[in-house]
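One-letter residues, chain by chain:
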Amino acid sequence: MSTDSAKLAAMAPNAKLGMLERIAYGMGDFGGNLIYTAISSFLLVYYVSVVGIPSAAAGSILAISRIFDGVSDLIMGRIVDKSNSKRGKALPWLIRMSIPMGICSVLMFTIPAGFGATAKIVYAFITYNLVSTVFYTGYNVPYATLQGLMTLDSYERGLLGNFRMMLATAGTLLVNNVFTRIAQAVNGGGEEVLYAYQKGWTAAAVIMAVGFIIVSFIPFTLCKERVRQDSASGENAGPSVMESLKSLVKNKYWVYEVIFLFVLYFMMSTMFGSQFYYVQYVVGNAGAFGTVSSIVQIFQIGLMLLAAPFMMKKLGKRMTALLGMGASVVGYLLTAAAGTSIPFLMIANAVKGAGFGLGAATMWGLLQDAITYGQWLTNVQAIGMGNAASSFTMKVGSGLGTAALGWILSAGNFDAAPESASAASALAWSYIWVPIIACAIGCVCLFLFDLDKKYDRVIEDLDAGKWKGTSEYKDL
């Protein structure tokens with residue numbers, strides 16, 4: 001093959017991607033997770049145990065903010081659909097949003113100590129929304145859209161999702177192991193000074209923010225958009241927001257996938273938000289948190305690296321995800337049986353991590369396939385809005401999960417008596433039983449998601465310029 005022919009093949013819409021570009025795409029979520037994990041694992045702890053905001057109020061802040069966050073997702077999705085530059089629709093936004101997001105992330109973990117109770121709540125609400133509603137949305141919606149713009153090849157999309165989640169998990173592993181250690185070191189001691197001073201938490205946030213800003217340049221530099229989408233202005237500006245949303249609602253596979261993502265992020269918020277407290281007060285060994293939490297990420301990365309690509313090739317993305325969610329349920333049941341045994345809890349978390357690995361490796365590829373099917377079904381190009389609306393449901397799920405955690409802890413009288421039996425019961429519900437219910441709902445959605453039987457025909461039609469209204473495959 002000549003050099004020119006090789007370049008044309010590399011930029012074809014259904015191109016096979018190189019390993020460097022796959023890794024570069026995944027690094028975008030590694031960086032994003034330096035911020036996201038700090039929020040999901042430690043922000044509620046910071047609000048309640050360091051700043052002194054009541055748990056119910058702190059949970060409500062995060063839940064109410066997710067409503068605004070969801071609206072901003074839809075706005076950003078429309079912006080991406082209408083964007084056009086030499087680098088494409090999505091890539092430029094990764095750089096535009098990274099620096100202000102990093103700065104506001106530090107402000108979020110720097111609530112002035114002299115503020116009164118009401119002022120602290122207002123400050124928390126404003127800074128959290130700057131991070132999540134404005135800048136994280138401005139980064140994450142284009143980043144998610146980028147996966148669908150890099151290639152139309154279903155297996156390659158699966159691999160991109162796998163690399164994304166593998167490196168996102170590596171980011172989670174890093175933050176869970178170093179964040180509180182940085183806080184303790186800067187505060188000048190061990191566990192006894194973790195909640196004593198804010199300066200350690202601010203220092204940890206600074207390090208995560210700087211890391212995120214640096215890493216965000218990797219996908220911007222090394223990834224390419226190959227799937228060109230119309231983005232004209234004026235009379236040819238494409239579908240309106242309502243037309244895009246209607247096309248998504250008509251797409252049953254997109255609906256199944258966003259329900260799956262909703263319950264998954266609800267589960268992660270209750271589980272990861274309660275994990276530190278669960279290890280500290282139920283297991284009775286706060287020092288084991290890094291080890292216990294790391295097992296989940298280690299096995300998640302291991303399955304995504306060693307098994308998920310082969311299972312997706314052999315079984316398809318849907319069946320791989322189903323097996324993962326089933327394994328997660330088993331892991332949670334083992335957690336309930338583990339009691340205060342650290343070795344037993346580590347085994348349970350290994351099973352959960354394996355299940356998370358299979359589910360996480362496939363979920364973004366399934367979403368992009370569903371959006372492509374929607375274009376065939378309705379003849380509406382809405383890749384930005386499809387990713388934005390799914391991001392909206394994920395954030396609502398995450399916010400409601402965090403709120404539910406705050407409400408459950410409040411019902412268990414956690415603020416007043418964190419070592420009581422009622423508090424332990426509340427933590428068990430947050431860490432074990434709510435996630436089991438969420439995983440079961442996710443299994444139902446995946447069972448109904450049988451797009452894998454139709455996707456090749458969909459791509460054939462789209463390549464030929466056809467959609468359902470002009471295709472002989474109207475029964476798909």
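Residues numbered from 1 in each chain as written. Predicted model: local features only at pLDDT ≥ 70, side-chain atom pairs only at ≥ 80, totals over all residues. Heavy atoms only, no water.

Peer 1: Sorry, what's going on with the nonpolar core here?
Peer 2: Soluble globular proteins tend to pack their nonpolar side chains together in the buried interior. Formed by 143 residues in total, the largest nonpolar core has its most connected members in Leu43, Tyr46, Tyr47, Phe109, Phe179 and Trp201. Considering every element that reaches this core, the biggest residue donor is helix H2 (residues 19-51), with 18 residues. (Core = buried A, V, L, I, M, F, W, Y, C linked by side-chain atoms within 4.5 Å. Buried < 20%, exposed > 50% of the residue type's maximum accessible area, 1.4 Å probe, protein only. Helix = DSSP H or I, 4+ residues; strand = E, 2+ residues; numbered from the N terminus.)

Peer 1: What is the right way to look at the side chain of Arg164 in this model?
Peer 2: Its location among the elements puts Arg164 in helix H6 (residues 154-187). For Arg164, a relative accessible area of 2% gives the class buried. Residues in contact with Arg164, not counting those within four places in the same chain, are Tyr25, Gly26, Asp29, Asn140, Tyr143, Ala144, Gln147 and Trp364. (Contact = heavy atoms within 4.5 Å.)

Peer 1: What should I look at first to understand the packing of aromatic side chains in this one?
Peer 2: The description of an aromatic ring pair rests on the distance of the ring centres and on the angle between the ring planes. Scanning all chains against the criterion turns up 25 aromatic pairs. Measuring from centroid to centroid gives 6.4 Å for Tyr36 and Tyr265, while their planes differ by 70°, and the two rings are edge-to-face. Of this pair, Tyr36 sits in helix H2 while Tyr265 sits in helix H10 (residues 252-283), placing them 229 residues apart in sequence. Each member of the pair, Tyr36 as well as Tyr265, is classed as buried. Cluster of aromatic residues (ring-pair linked, three or more members): Phe42, Tyr46, Tyr47, Phe109, Phe179, Trp201, Phe276 and Phe289. Lying across the ring of Trp93, Arg96 places its NZ or CZ 4.5 Å from the centre. Above the ring of Tyr155, the side-chain terminus of Lys313 is found at 4.3 Å from the ring centroid. (Phe/Tyr/Trp six-rings, centres within 6.5 Å; stacked < 30°, edge-to-face > 60°. Lys NZ or Arg CZ within 6 Å of the ring centre and 35° of its normal.)

Peer 1: How should I be thinking about the pattern of salt bridges in this particular structure?
Peer 2: In a structure, side chains of opposite charge can pair up when their charged atoms sit close to one another. In the structure shown here, the tally under the stated rule is seven salt bridges. Arg164 is the partner of Asp29 in a salt bridge, and the nearest nitrogen-oxygen pair spans 3.0 Å. Taken together, the residues Asp29 in helix H2 and Arg164 in helix H6 connect sequence positions 135 residues apart. Asp29 gets classed as buried once you look at its relative accessible area, which sits at 5%. If you follow the salt bridges from partner to partner, you end up with Arg157, Lys317 and Asp369 in one network. (Salt bridge = Lys/Arg side-chain N within 4 Å of Asp/Glu carboxyl O.)

Peer 1: What exactly am I supposed to notice about unusual backbone geometry here?
Peer 2: The backbone of Asn379 shows a phi angle near 65°, a positive value even though the residue is not glycine. Here Asn379 shows up in the loop between helix H14 (342-378) and helix H15 (383-411). Look at Asn379 and you get partly exposed, because its relative accessible area is 48%. The phi torsion at Asn413 lies on the positive side, around 60°, for a residue other than glycine.

Peer 1: What exactly am I supposed to notice about the packing of H2 against H10 here?
Peer 2: Helix-helix packing is characterised by the crossing angle of the two axes and by the distance between the axes. The N-to-C vectors of H2 and H10 enclose an angle of 50°; their axes lie 9 Å apart at closest approach. The angle between the axes of H2 and H10 places the two elements in the oblique class. For the crossing formed where H2 meets H10, the hand is right-handed. Side by side, H2 and H10 meet where Tyr36, Ser40, Ser41, Val45, Val48 and Ser49 of the first sit next to Tyr265, Phe272, Gly273 and Tyr277 of the second. Here the contact of H2 with H10 is composed, by residue class, of six nonpolar, four polar and no charged. (Axes fitted to C-alpha atoms, helices over the stretch in contact; angles between N-to-C directions. Parallel < 35°, antiparallel > 145°, perpendicular 65-115°, else oblique. Left-handed = near helix turned anticlockwise from the far one by under 90°. Nonpolar A, V, L, I, M, F, W, Y, C, P; charged D, E, K, R; others polar.)

Peer 1: I tried to follow H15 on my own but got confused; where do I start?
Peer 2: With 29 residues, H15 extends 41 Å between its outermost C-alpha atoms, agreeing within 8% with the 42 Å of an ideal straight helix rising 1.5 Å per residue. With 22 of 29 residues buried, H15 is to be regarded as a mostly interior element. Of the residues flanking the end of H15, it is Asn413, one or two places downstream, whose phi is positive at about 60°. (Expected span 1.5 Å × (residues − 1).)

Peer 1: Which parts of the structure should I look at to understand a nonpolar patch on the surface?
Peer 2: On the surface, a cluster of nonpolar side chains totalling about 550 Å² of accessible area is made up of Ile259, Leu333, Trp429, Trp433, Ile437 and Ile441. Of all the elements, helix H16 (residues 421-448) adds the most residues to the nonpolar patch, at four residues. Looking at the element boundaries, Trp433 is found in helix H16. (Patch = residues over 30% accessible without salt bridge, like charges linked within 9 Å, V, L, I, M, F, W, Y side chains within 5 Å. Areas by Shrake-Rupley, 256 points an atom, 1.4 Å probe, with all protein chains shown as cover.)

Peer 1: What's the story with the side chain of Asn33 in this structure? I'm lost.
Peer 2: With respect to the helices, strands and loops of the structure, Asn33 is situated in helix H2. Taking the relative accessible area as the measure of exposure, Asn33 reaches 9% and is therefore buried. Polar contacts involving the side chain of Asn33 include one to the main-chain carbonyl oxygen of Ala168, which spans 3.0 Å. With residues up to four places along the chain from it excluded, the contact list for Asn33 reads Ala38, Ala168, Gly171, Thr172 and Val175. (Polar contact = N/O pair within 3.5 Å; in protein donor to acceptor, adjacent residues only side chain to side chain.)

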